[in-house]
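Summary of structural features
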Amino acid sequence: VAEARRLAAEVLEPAAQEVDRAPAVPAGHLRTLAGAGLLGLAGPPSHGGHGAPAAVVREVFEALAGACGATFFVWVQHHAPVRLLAGSPNTGLRDRLLPGLCAGRDLGGVAFAHLRRPGAPALQARAVPGGLRVDGEAPWVTSWGLADVVAVAARAGAGGDQVVFFALPARATAHVRPSPPLRLAAMSATCTVRLAFDDLRVSEADVISESSLADWQARDRVATAQPNAAVFGLAATAARLLAERDAGAAAALEEERADLRAQSYGLADEGREDDAHLARLVGLRARSLDLAVRAATALVAATGGRAMDLSHPAQRLLREAAFYTIQAQTRPLREATLARLVSRGS
Ligand SMILES: Cc1cc2nc3c(=O)[nH]c(=O)nc-3n(C[C@H](O)[C@H](O)[C@H](O)COP(=O)(O)OP(=O)(O)OC[C@H]3O[C@@H](n4cnc5c(N)ncnc54)[C@H](O)[C@@H]3O)c2cc1C
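Residues numbered from 1 in each chain as written. Predicted model: local features only at pLDDT ≥ 70, side-chain atom pairs only at ≥ 80, totals over all residues. Heavy atoms only, no water.

Observations concerning the overall build of the protein
Applicable threshold: Numbering of helices and strands runs from the N terminus, with a helix taken as a DSSP run of H or I at least four residues long and a strand as a DSSP run of E at least two residues long. We take the radius of gyration over the C-alpha atoms and set the globule estimate at 2.2 Å times the residue count to the 0.38 power. Whether a residue is buried, partly exposed or exposed follows from its accessible area with a 1.4 Å probe, protein chains only, as a fraction of its type maximum: under 20%, in between, or over 50%, in that order. Contacts are assigned to residue pairs that have any heavy atoms within 4.5 Å of one another.
Within the protein, the secondary structure is distributed over 11 helices and eight strands. Against the compact-globule benchmark of 20 Å for 346 residues, the protein has a radius of gyration of 20 Å, which places it among compact chains. Each of the three principal axes of the protein carries a C-alpha extent, and together these read 65 × 45 × 35 Å. For the protein, with 346 residues in total, the buried portion stands at 51%. Sequence-distant contacts, at least 24 apart, represent 72% of the contacts inside the protein between residues at least 6 apart.

In structure tokens, the structure reads:
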């Protein structure tokens, strides 16, 4: 945590406005994070990871996300394939990929958010001799051009009622075609693309996991209810910068942040998965998104015209807060976010 905070303050935050406008997060940033062991933060010790507990992972999220959103997001996506591989029954694949990912020699990415969209599968996997054939389009894949391997999710089975995750070498081929990097209001330097799959053959040796869609949805419902520590990191930075202009306003936001953070982490640590508990967590997540947007907006207001300059952190933090408002969004979170925003008018 101390090393993450030091790198956040000395390396990431001073360059954040420049990185925000760059085509890609600097390779040097990623090497520095890897050198500090942060790419193996939550990886299994059996494969070179640090197996950090949730409280440590949260503190690191807060430090990195509060310093540079784009670098944080590239870094955080890496942990999805690490987590998926750590739980994979495919020991051969685990032993092949995890040591490099945990050591930070290799960077990972993930493409799975499309599983949350209702309707026809965005990516369809069909069984063929020796493995799978995959067709369709993944709408969001971060770190393209930076990552070495991407964990991709596709729907399989009759009616798409199964989910399969597989490891994909992150390079364009005749069967895997990236769009140009998406031009986005925030997080442009994350090298996020759409990825089209056309008759891609995936060997069984590269399959990470298989489950029913219903089981995946049940796990995702729990996962997406959890607090996003990145949002608390962003709000802390906004309050810290605001303190230079209006100590009273900053203290009020910081008090709200500390209270919401304690409530969110405390409730999450109860580890319950019942409906009432998840609904309370989603409500807290919606409140934290609202807080991040307000904290960044307060910084804009207190800064004045200069806040609109692309070299100023206020506008970047506000755009990043907007990004977190839709990132890993689910139907309950969307509804809770809108309810929260609308209730403020009354
Ligand atoms: C810069 C950037 C980088 C990203 N990188 C990645 C990545 O690397 N990997 C990855 O997997 N994802 C990535 N995402 C996706 C991201 O995590 C979110 O899942 C996504 O932005 C949500 O929008 P969507 O277009 O996917 O889904 P949407 O279609 O907008 O749906 C979002 C959620 O709302 C629900 N919903 C849709 N319509 C309604 C409605 N009318 N009423 C109620 N609920 C509704 C959906 O069921 C879904 O759960 C990235 C997104 C951005 C912006």
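Alright, that's what it looks like, and here's the rest.
Describing the pattern of salt bridges
As a reminder, the rule being used: Salt bridges are identified by distance alone: a Lys or Arg side-chain nitrogen within 4 Å of an Asp or Glu carboxyl oxygen.
Evaluation of the coordinates by the stated rule reveals 25 salt bridges. Note that Arg201 and Asp199 form a salt bridge whose closest N and O atoms lie 2.8 Å from each other. For Asp275, the salt bridge is made with Arg221, and the minimal N-O distance between the two is 2.6 Å. Residue Asp275 is located in helix α9 (residues 275-303), and its partner Arg221 is located in helix α6 (residues 213-223); the two are separated by 54 residues in the primary sequence. The exposure class of Asp275 is exposed, given its relative accessible area of 54%. Salt bridges here are not isolated pairs; linked through shared partners, they connect Arg126, Arg133, Asp135, Asp199 and Arg201.

Overview of the side chain of Thr190
Within the secondary structure, Thr190 is located in the loop between β6 (176-178) and β7 (193-203). Overall, the relative accessible area of 0% leaves Thr190 in the buried class. Those residues in contact with Thr190 that lie beyond four places of it in its chain are Ala70, Phe73, Val74, Thr142 and Ser143.

Focus on the site of the ligand
Quick note on the threshold: The cutoff for a nearby residue is simple: one of its non-hydrogen atoms must lie within 4 Å of the molecule or strand. Pairs of N or O atoms within 3.5 Å make up the polar contacts considered here, provided that, within protein, one atom can donate a hydrogen while the other can accept it, and that residues adjacent in sequence are counted only when both atoms are side-chain atoms. Accessible surface area values rest on a Shrake-Rupley calculation with a 1.4 Å probe, where residue burial reflects the displayed protein chains alone. Charged residues are taken to be Asp, Glu, Lys and Arg, nonpolar residues to be Ala, Val, Leu, Ile, Met, Phe, Trp, Tyr, Cys and Pro, and polar residues to be all remaining types, Gly included.
Lining the immediate surroundings of the ligand are 22 residues, of which Val110, Phe112, Ala113, Arg117 and Thr142 lie closest. In this structure, an oxygen atom belonging to the ligand sits 2.7 Å away from a side-chain N or O atom of Arg117. The side chain of Arg334 places a nitrogen or oxygen atom 3.0 Å from an oxygen atom of the ligand. For the ligand, whose accessible area on its own is 970 Å², the fraction buried by protein is 80%. Elements with a contribution of two residues or more to the shell around the ligand: α4 (69-86), β1 (108-111), β3 (131-141), α10 (313-326) and α11 (331-343). For the shell around the ligand, the residue count by class is 12 nonpolar, six polar and four charged.

With respect to the pairing of strand β2 (residues 123-128)
The line we're drawing: At least two bridges found by DSSP between two strands are what make those strands a pair.
As paired elements, β2 and β3 share six bridges and run antiparallel to each other. Within β3, the residue paired with Ala127 across the bridge is Leu132. Two successive antiparallel strands, β2 and β3, enclose a turn made up of two residues, where Gly130 displays a positive phi of approximately 85 degrees. Across two bridges, the pairing between β2 and strand β4 (residues 149-156) is parallel. Its bridge partner being in β4, Gln124 is matched across the sheet by Arg155.

Quick notes on the pairing of β1
The alternating pattern of β1 places Gly108 and Val110 and Gly109 and Ala111 on opposite faces, both of which are buried. Taken together, the four bridges between β1 and β4 define a ladder with parallel strand orientation. Within β4, the position partnered with Gly109 by the bridge is Val150.

What about the nonpolar core?
Counted only if it meets this: By convention a nonpolar core is built from buried Ala, Val, Leu, Ile, Met, Phe, Trp, Tyr and Cys residues, the set being connected through side-chain atoms within 4.5 Å.
If you look at the biggest cluster of nonpolar residues, it comprises 94 residues, and the most contacted ones within it are Phe72, Trp75, Val134, Phe166, Leu195, Phe197 and Tyr324. The element that contributes the greatest number of residues to this core is α9, accounting for 12 residues. Beyond its immediate stretch of four places on either side in the chain, Trp75 contacts Leu33, Leu38, Leu39, Leu41, Val60, Phe61 and Leu64. Of all hydrophobic cores here, the second largest spans 19 residues; its members include Ala80, Leu98, Leu101 and Cys102.

As for unusual backbone geometry
Even without being glycine, Met187 reaches a positive phi, approximately 65 degrees. You can see Met187 is positioned in the loop between β6 and β7. Given a relative accessible area of 3%, Met187 falls into the buried group.

Considering the environment of Leu33
With respect to the secondary-structure elements, Leu33 resides in helix α2 (residues 27-35). We classify Leu33 as buried; its relative accessible area is 1%. In sequence terms Leu33 and Trp75 are 42 residues apart; their C-alpha atoms lie 8.3 Å from each other. With sequence-adjacent residues up to four places away left out, Leu33 is seen in contact with Leu7, Leu38, Leu39, Leu64, Thr71 and Trp75.

Let's talk about the packing of helix α3 (residues 54-67) against α4
Formally: As a rule, the C-alpha atoms of each element are fitted with a line to give its axis, helices using only the stretch in contact, and angles between N-to-C directions run from 0 to 180 degrees. To sort the angles, those under 35 degrees are grouped as roughly parallel, those over 145 as roughly antiparallel, those from 65 to 115 as roughly perpendicular, and the leftovers as oblique.
At a minimum axis distance of 6 Å, the contact between α3 and α4 shows a crossing angle of 140 degrees. Classed by the angle they form, the pair α3 and α4 counts as oblique. Note on element contacts: α4 touches α3 through Gly69, Phe72, Trp75 and Val76, opposite Val60, Phe61, Leu64, Ala65 and Ala67. Split by residue class, the contact of α3 with α4 holds eight nonpolar, one polar and no charged.

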